[in-house]
Amino acid sequence: MTLSREDFIFTIGYEGRTAIVDGKAKREYGKLSTMELAEKGLFRAAFCSALYSGDPEEIQAFIDYYNRVNGVREYTLEGCKRLFGVDGVPEGVERVLEVR
């Protein structure tokens, strides 16, 4: 099973092969674009959205935006992966459990 974009961007953790998804945030913000999420300050969700797209330009646009607004340091793709605790869309998820 491949996670949907909305499930992936609002996954808050995994229990075995089950993705635990914040259902309330998914319903409220799931249809927003990567940059709309970023503009609302939902940086982790925006980063996940960019990763899910697989589009290097969208990923770089998010990183550039985040670097502009964070004002602390310049992040790279690898730095964002560490910062947000997301390496990519996981394989092998068999189930999605929405909470909240």
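Please refer to the structure placed before this passage.
Owing to the predicted nature of the structure, the values given are computational and were not obtained by experimental measurement.

> Got a minute to help me understand the environment of Ala19 in this structure?
With respect to the helices and strands, the residue Ala19 is situated in strand S2 (residues 18–22). Judged by its relative accessible area of 0%, Ala19 falls in the buried class. Considering only alpha carbons, one finds Ala19 and Val93, 74 residues apart in sequence, at a separation of 6.7 Å. Contacts of Ala19, omitting those with residues within four sequence positions, involve Leu3, Thr11, Gly13, Tyr14, Val93, Arg95, Val96 and Leu97.

> I would appreciate a short explanation of the sheet that holds strand S3 (residues 95–99) in the present structure.
Consider a sheet: its strands pair through backbone hydrogen bonds, and that pairing is either parallel or antiparallel. With mixed pairing, the three strands of this open sheet are ordered in space as S1-S2-S3. Edge positions in the sheet fall to strand S1 (11–15) and S3, since each of these pairs with one other strand and no more. This sheet shows a mean twist of 25° between the axes of neighbouring strands, independent of strand direction.

> How should helix H6 (residues 77–84) be read in this particular structure?
Residues lying three or four places apart along an α-helix face the same way, a consequence of the helix completing one turn every 3.6 residues. Buried residues of H6: Gly79, Cys80, Lys81 and Phe84, and no others. Along its buried surface, H6 packs onto helix H4 (43–53) and helix H5 (56–70). Of the residues trailing H6, Gly85 is marked for its positive phi of about 70°.

> Explain H5 here, please?
Compared with an ideal rise of 1.5 Å per residue, which puts 15 residues at 21 Å, H5 spans 21 Å between its outermost C-alpha atoms and is within 8% of the ideal. Listed as buried for H5 are Ile59, Phe62, Ile63, Tyr65, Tyr66, Asn67 and Asn70. Against the buried residues of H5 lie helix H3 (34–39), H4 and H6. Where H5 begins, one side-chain oxygen reaches toward the backbone nitrogen of Glu57, 3.0 Å away; that side chain belongs to Asp55. Downstream of H5 by one or two residues, Gly71 has phi in the positive range, about 65°.

What counts and what doesn't
- Residues numbered from 1 in each chain as written.
- Predicted model: local features only at pLDDT ≥ 70, side-chain atom pairs only at ≥ 80, totals over all residues.
- Heavy atoms only, no water.
- Helix = DSSP H or I, 4+ residues; strand = E, 2+ residues; numbered from the N terminus.
- Buried < 20%, exposed > 50% of the residue type's maximum accessible area, 1.4 Å probe, protein only.
- Contact = heavy atoms within 4.5 Å.
- Pairing = 2+ DSSP bridges.
- Axes fitted to C-alpha atoms, helices over the stretch in contact; angles between N-to-C directions.
- Expected span 1.5 Å × (residues − 1).
- Polar contact = N/O pair within 3.5 Å; in protein donor to acceptor, adjacent residues only side chain to side chain.

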